[in-house]
Every structure is written in structure tokens, then in C-alpha cells.
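Coordinates in review
So the chains spell out like this:
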Amino acid sequence: MKKILVTKSSMPDIEEYIGEIKELWETHWLTNMGIKHETLQKDLQEYLSVKNLELVVNGHMALELALQALNFKKNSKVITTPFTFASTTHAIIRSGLEPVFCDINPCDFTIDVSKIENLIDKETCAILPVHVYGNICNVEEIDRISQKYGLKVIYDAAHAFGVKYKNKSIANMGDISCFSFHATKVFNSIEGGAICCNDEDLQSKIYALKNFGIINSEEITEVGTNAKMNEFCAAMGICNLRHIEDDIKKRKHIIDHYTARLRNKKGIRLNIAQEDVISNYSYFPIIFEEGEAGINRDKIYEKLMDNNIFARKYFYPLTKSFDCFDGKYEHYETPIALEISKRVLTLPLYVGLEEDDVDRICDLILEA
Ligand SMILES: *Cc1c(COP(=O)(O)O)cnc(C)c1O
């Protein structure tokens, strides 16, 4: 039986990639902000309509450098959600800051803005909301709250590459937006990421931070790290970006097919398109709702696996409950996030997933 994984990395034709990397054999310049790095940076600034964009080695380091660049006092609190990938929470803690967990709303799975203000105290320095599955957070309300309390806003935009809200790129939201170009994301550069901000000084600081704080051979202004994107990754990004619009269209087509098949199934709730948002169709989550028709998520997960189909419980468990935290954050009450994490399954979705495969997956779910 054909094996279907939850995702499959987009790649250009091999000739296209070879054409792109060929000149590296002439220049022998493999990393440290070479020509491919410069080209991809420019291409992305244009595609995402942002002025200041720094490429980095991955999405996780984008988050860590964003937090470091904003220079918060040690142990300050950052309001975030537990319904996310490990990276979001780890970045806060690894930066010497304290995560404060806010619940999510059950409609689009992003931070419940009505619960943020209660969590703010004098140690709070920032909000780090996560756009989820290509849905975006309530950016207007987050703006209002951050201004009222003088907080910084750093978006984890790993799921939201290319998403638009009211026809504007979401890369410009908040103080900083962080993207991941990991192999499994809608747009990939094998490994990679970007930090977008509206402030030139902040960008210069991030540029220094990703290269050991080195400004020039005698001027080292920050205790930086090494988070530079290399030329081969940048070249992959350049190629994949040429096909991004087409890729997103194909993903939408697959989601439309899934939706048509599963829409009327009792006990299953689908992700609803947000108003004024142009999504990137990055994931296809389904929620197994409580009630009469209650279908068990884990049973379907296993049934699919028995049929060589690998969906993912994305996101389960909640980050605040990870073993490595030893219960330290369990006191934060996030009942909606908990409920969704037990009921969600993200189904296979990638460019090249065939309609027959989608039908086979849906048949297995509809039998339940
Ligand atoms: C993928 C992802 C990251 C981390 O990105 P990497 O490029 O894998 O380091 C962070 N946050 C979220 C929500 C993600 O999905």
C-alpha cells in the first residue's frame, strides 16, 4: 500500500536548482551573506511587502534573535499560547524569559484576545502570539492591547507565510514577525527562516546578532550567535519562491476536495476560512467534536496508520505540559487549547497529493 506522509517538501526541478547553484563553483562563496542570500532577501522583501527582512538559519533562531534584539530584562514575562510547536515556548525560555500561557479561541485556534489583559502584570514585557494553520490572530485587538500596556508584539508567523489580511501582508504586523522556511512548510529553503520588522535599527541589530555580533573585523557590538543562512539553502529558497503562487493554488485545490468530502460528516468540524484573510492553505486540520457522533481522534489516527497514512496530532500535547517543564506551567488554565489538542488531527497535505489519495483518506474517515 502506498505510503502517504502528512507532508512532502516542495522542490524545484533538479535542473532549476543546479542552474541556481552553478555559480557557487565559480565564487567558492558558500555562506556569510553571499549573492544567493542577497537575492533571496530581496525577493522575499518584495513577495512579503516588507521593508526590513533578515534571513536566518531556521524559524526557531528567528524567534530567539527577535527576543534577544528587543533586549528585555531577564525573567520578564511573555504572554503566549501552549497550542503551538515546541519552538515557540522553548525560544522564550531559552532567552531567559518566562512564558505565561493564555488560552486559544475554538474558532481559529489562535490566542483568545479577551483573556490577554487578565494575564498582564508589571513584569510582562511582550506578547508572542502564534498564527495557526494559516489562520491569523486578531491582530487589531492585539495591537490595541499592546499599545495600552506598552508591550512589544512578536508574531510566530511560521504557519502564515504569504498570508494577507485586508489585502496587506501579515509580515508587517506587530513589532516583529518570524517565519520558518523549514522543509515541511508551505515555502521552504531546506532549513531557514526570516525576521521581519518595521524598524531599520532593529534589523541592523538582528543582522549583527546572527553573525556573532560582528559589524566589521574590529567592531563587535553584540554577544551574537551564528544563525546565518547558507548559499545552498538560499538558492533552494530562490527556486521555490518562483513556484509559490502555483503551490498555494494546488494546496487550495486539495483542501477544497477534502472539504467537499468531509463537510457534512457529523462529529467532524473543519477549519473555517477567516473573513478578509487570504490563507496560504498550509494545513488541513479536522476537529472530532464531542457528542453523539463523537468519533475518537486517536482511533482514526491509528486506523489511518494501519492503512499506511500518517496524519499528525498537531498540536498535541500542549507545550506547557511537556515533560521537560516538570509541571511548572500546569497551573495556567487553557481548557480550550487542551480540548482542541485532544480532538485535532491534521491530514496529509502537500503539492502532489493526488485526488485519489484524498478520497482514500476521506473514505477511511467517513466509514467511522
Ligand atoms: C516550524 C515552526 C517553528 C520553528 O521553525 P524551524 O524552522 O523548524 O526552526 C516555530 N513555530 C511554529 C509554529 C512552527 O510551526
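Residues numbered from 1 in each chain as written. Predicted model: local features only at pLDDT ≥ 70, side-chain atom pairs only at ≥ 80, totals over all residues. Heavy atoms only, no water.

1. With respect to helix 10 (residues 297–306)
- Of all the residues in helix 10, the buried ones are Arg297, Ile300 and Leu304. For helix 10, the angular spread of buried residues about the axis comes to 65°, placing them on one side. Seen from the buried face of helix 10, the exposed residues on the opposite side, beyond 90 degrees, are Lys299 and Asp306.
- Tucked inside the fold, the buried residues of helix 10 contact strand 14 (284–288), helix 11 (335–343), strand 15 (344–347) and helix 12 (355–366).
- Residue Asn296 occupies the N-cap position of helix 10, its side-chain oxygen lying 2.9 Å from the main-chain nitrogen of Asp298.
- Looking one or two residues past helix 10, Asn308 carries a phi angle of roughly 65°, positive in sign. (Buried < 20%, exposed > 50% of the residue type's maximum accessible area, 1.4 Å probe, protein only. Helix = DSSP H or I, 4+ residues; strand = E, 2+ residues; numbered from the N terminus. Arc of directions from axis to C-beta. Contact = heavy atoms within 4.5 Å. Polar contact = N/O pair within 3.5 Å; in protein donor to acceptor, adjacent residues only side chain to side chain.)

2. Points about the packing of aromatic side chains
- The final tally for this structure, using the stated rule, is 19 aromatic pairs.
- Ring centres 6.0 Å apart and planes at 85° place the aromatic pair Phe161 and Phe179 in the edge-to-face group. Remark: Phe179 occurs in strand 8 (residues 176–180) and Phe161 occurs in the loop between strand 5 (152–156) and strand 6 (164–165); sequence separation between them is 18 residues.
- Phe161 sits in the buried class, given a relative accessible area of 2%.
- With a relative accessible area of 1%, Phe179 lands in the buried category.
- Members of the aromatic cluster, each reached through a chain of ring pairs, are Phe83, Phe109, Tyr133, Tyr283, Tyr314 and Phe315.
- Of note, Lys185 hangs over the ring of Phe85, and the distance from its end group to the ring centre comes to 5.9 Å.
- One Lys or Arg, Arg297, reaches over the ring of Tyr316 and ends 4.9 Å from the middle of that ring. (Phe/Tyr/Trp six-rings, centres within 6.5 Å; stacked < 30°, edge-to-face > 60°. Lys NZ or Arg CZ within 6 Å of the ring centre and 35° of its normal.)

3. Some remarks on the site of the ligand
- Contacts to the ligand come from 15 residues, most closely from Gly59, His60, Asp156, Ser180 and Lys185.
- The backbone of His60 places a nitrogen or oxygen atom 2.8 Å from an oxygen atom of the ligand.
- When isolated, the ligand has an accessible area of 380 Å², and the protein chains bury 93% of it.
- Elements supplying a minimum of two residues to the shell around the ligand: helix 4 (59–69) and helix 5 (86–94).
- For the shell around the ligand, the residue count by class is 3 nonpolar, 10 polar and 2 charged. (Near = heavy atom within 4 Å. Areas by Shrake-Rupley, 256 points an atom, 1.4 Å probe, with all protein chains shown as cover. Nonpolar A, V, L, I, M, F, W, Y, C, P; charged D, E, K, R; others polar.)

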